[in-house]
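# Working through the structure, step by step
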Amino acid sequence: PLARKFHTGLGRAAVVYEEIVEGGSTRFLAVYESDVAGSGDVGPIRSIRESDIELVRMFGNIPVAYSGANDGVKAIVRTSARKKYLVDASYDAIPGAYRLGAQRKDARNFFAGPTTLARLKPGSRPRDIGFRFGPVGPTGIPASSAVAAFSGTTKVQVKYIAATNTWQVLQNGQLMSGVAPTNIILQRVTVRKSRFRDTNGFPTPYTKSTGAGTVTVLRDGQRFAGTWKRAGFGATRFLDAKGTDITLRPGITWVLLVPTAGSVAFS
C-alpha cells in the first residue's frame, strides 16, 4: 500500500500478475512488450520472490528486472540465468539502467525503462504462455464487478466499464489511476510457506503457479468459469467445462493469483 502513490507505468504493461506477499499485502509482477512500452520509466521496481521465478519461466528466456532479494532467491536467479531460464536484468546486474526515485518512509524506489532493460540485457523471443484471444463465448454470465479477498487485509475489486470494454481496478477501495485492463483472470492458487524468510524472520509466502485449479475469466461484462492447468514450467491454459480454451478479448490482461484460502464474489 505504501508504494501506490509512486506507481508509474503500470497501466502500460501487457500482462500484470497480482500475488500475495508478507503480512497479507500484495505485489505486482508486470510484463512489458519492450517495443510498445515506450521510453518512459516504470516502477517502483522492488524485490523478487521465489515464486516469481517459477511464474516467469513460462515466458522463456526474457529479461527480469528487480532490485534486491533474499540472498537465497538471488542465488536461484543466478542459477536460472546460467541455465537460460531467464535473463538477469536486476539492479545488481546493470545498476546504471536504474534511477533512484522518491524516497518513501520504509524503502527506496528504483525505476527503469523496459526498452532500455531489454536493449542492455536482451533475451530470447517469448514463448506461448497459453492465452487465447477470440470472440466472446456463448456460456458467459453477466458480471459487472468482482471482489477478490487475498487476505483479511487486502481486497481487490474490479468494475466493468461498458463504454470502453475495460475494467477499473480498486485496491482496498482505492481506484488505481491509469489502469484499465481488458481482461481479468481470477486464478485460484495454493499458497504455502517459502523456504526463505523476510527481514523480520517470518517465512515469505510461495504462490504455486504450476498444477491445476479453478479460474474465472472476466471480459466484455461477462464471466466464464473453468479450470486452469499448467504442466511443469510451460504455458497456463484456461479451459471451460468441455476442455475448450476460454478466449480473451485482445488487450491488457490482469491475472489475480487469489489464494484458495481467500474468496471471490461476483455481482
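Each residue is numbered by its place in its chain's sequence as written, counting from 1. Only residues with pLDDT of at least 70 are given local features in this predicted model, and only at 80 or more are side-chain atom pairs given and counted; all residues enter the totals for whole chains, interfaces and linings. To obtain the side-chain values, all non-hydrogen atoms of the structure were included, while hydrogens and water were left out.

### Quick look at the sheet that holds strand 9 (residues 145–149)
Pairs of strands are assigned from DSSP output, requiring at least two bridges between the strands. Think of it this way: any DSSP run of H or I at least four residues long counts as a helix, any run of E at least two long counts as a strand, and we number them from the N terminus. With respect to topology, five strands assemble into an open sheet ordered 12-11-10-9-19, the strand pairing being antiparallel. Edge strands, defined here as strands with exactly one partner in the open sheet, are strand 12 (174–175) and strand 19 (263–266). Here strand 11 (residues 166–171) runs beside strand 12; their pairing, made up of two bridges, is antiparallel. Pairing of L170 across the sheet is with L175, part of strand 12.

### Observations regarding the nonpolar core
The nonpolar core is taken to be a set of buried Ala, Val, Leu, Ile, Met, Phe, Trp, Tyr and Cys residues, with the residues joined through side-chain atoms within 4.5 Å. Remark: exposure states derive from per-residue accessible area (1.4 Å probe, protein chains only) relative to the maximum for the residue type, with buried under 20%, exposed over 50%, and partly exposed in between. Ranked by internal contacts, the top residues of the largest apolar core, which has 31 residues, are V15, Y17, I48, F59, F131, I185 and V255. Taken together, the elements giving at least two residues each to this core come down to strand 1 (15–20), strand 2 (26–31), helix 1 (50–56), helix 2 (71–82), strand 13 (183–197), strand 15 (211–219), strand 16 (222–230) and strand 18 (253–259). Residues I20, A148, I184 and W254 belong to the second largest nonpolar core, which totals 23 residues.

### Here's the deal with the pairing of strand 15
One face of the sheet, then the other: side chains in a regular strand alternate in exactly this way. Two elements, strand 13 and strand 15, share four bridges in a ladder whose sense is antiparallel. By the bridge assignment for strand 15, I184 is matched with L218. A loop of two residues connects strand 15 with strand 16, the two strands running antiparallel in sequence, and D220 in this loop sits at a positive phi of about 50 degrees.

### Quick word on the sheet that holds strand 3 (residues 42–45)
Strand order in the open sheet formed by three strands is 3-7-6, and the pairing between neighbours is antiparallel. At either margin of the open sheet sits one strand with a lone partner, and together these are strand 3 and strand 6 (99–100). Here two bridges tie strand 6 to strand 7 (residues 110–112), and the two strands are oriented antiparallel to one another. Bridging from a neighbouring strand, L100 pairs with F110 of strand 7.

### Notes on helix 2
For helix 2, spanning twelve residues, the distance from its first C-alpha to its last is 17 Å, which sits close to the expected 16 Å at 1.5 Å a residue. Within helix 2, the full set of buried residues consists of V73, K74, V77 and S80. Angular distribution of buried residues about the axis of helix 2 spans 120 degrees; they occupy a single face of the element. Opposite the buried face of helix 2, by more than 90 degrees, sit the exposed residues D71 and R82. Note on definitions: a residue-residue contact is assigned when non-hydrogen atoms from the two residues lie within 4.5 Å. Looking at the packing, one finds that the buried side of helix 2 touches helix 1, strand 5 (87–88) and strand 13. A 3.5 Å cut-off defines polar contacts: any pair of N or O atoms within that distance qualifies, except that in protein one atom must be a possible hydrogen donor and the other a possible acceptor, and neighbouring residues in sequence count only when both atoms are side-chain atoms. Its side-chain oxygen placed 2.7 Å from the backbone nitrogen of G72, N70 serves as the N-cap of helix 2. Expected span, for any helix, means 1.5 Å times one less than how many residues it has. To obtain the arc, one takes the directions from the helix axis to the C-beta atoms.

### A closer look at the packing of aromatic side chains
Only the six-membered ring of Trp is used, alongside the rings of Phe and Tyr, when aromatic pairs are assigned; centres must lie within 6.5 Å, and planes under 30 degrees apart are stacked while those over 60 apart are edge-to-face, with the rest tilted. This model, assessed by the stated rule, comprises seven aromatic pairs. Where Y91 meets Y98, the ring centres are 5.7 Å apart and the plane angle is 80 degrees; that geometry is what we call edge-to-face. Overall, Y91 belongs to the partly exposed group, its relative accessible area being 29%. Considering the side-chain rings of Y91 and F110, the 4.6 Å spacing of their centres and the 40 degrees angle between planes classify their relative orientation as tilted. Remark: F110 occurs in strand 7 and Y91 occurs in the loop between strand 5 and strand 6; sequence separation between them is 19 residues. Among the aromatic residues, those joined into a cluster by ring pairs are Y91, Y98 and F110. A cation over a ring is seen here: R57 above Y85, with NZ or CZ 3.5 Å from the ring centre. Two conditions define a charge located above a ring, namely a distance within 6 Å from the ring centre to NZ of Lys or CZ of Arg, and an angle within 35 degrees of the ring normal. The aromatic ring of F233 is capped on one face by R57, whose charged end is 3.9 Å from the ring centroid.

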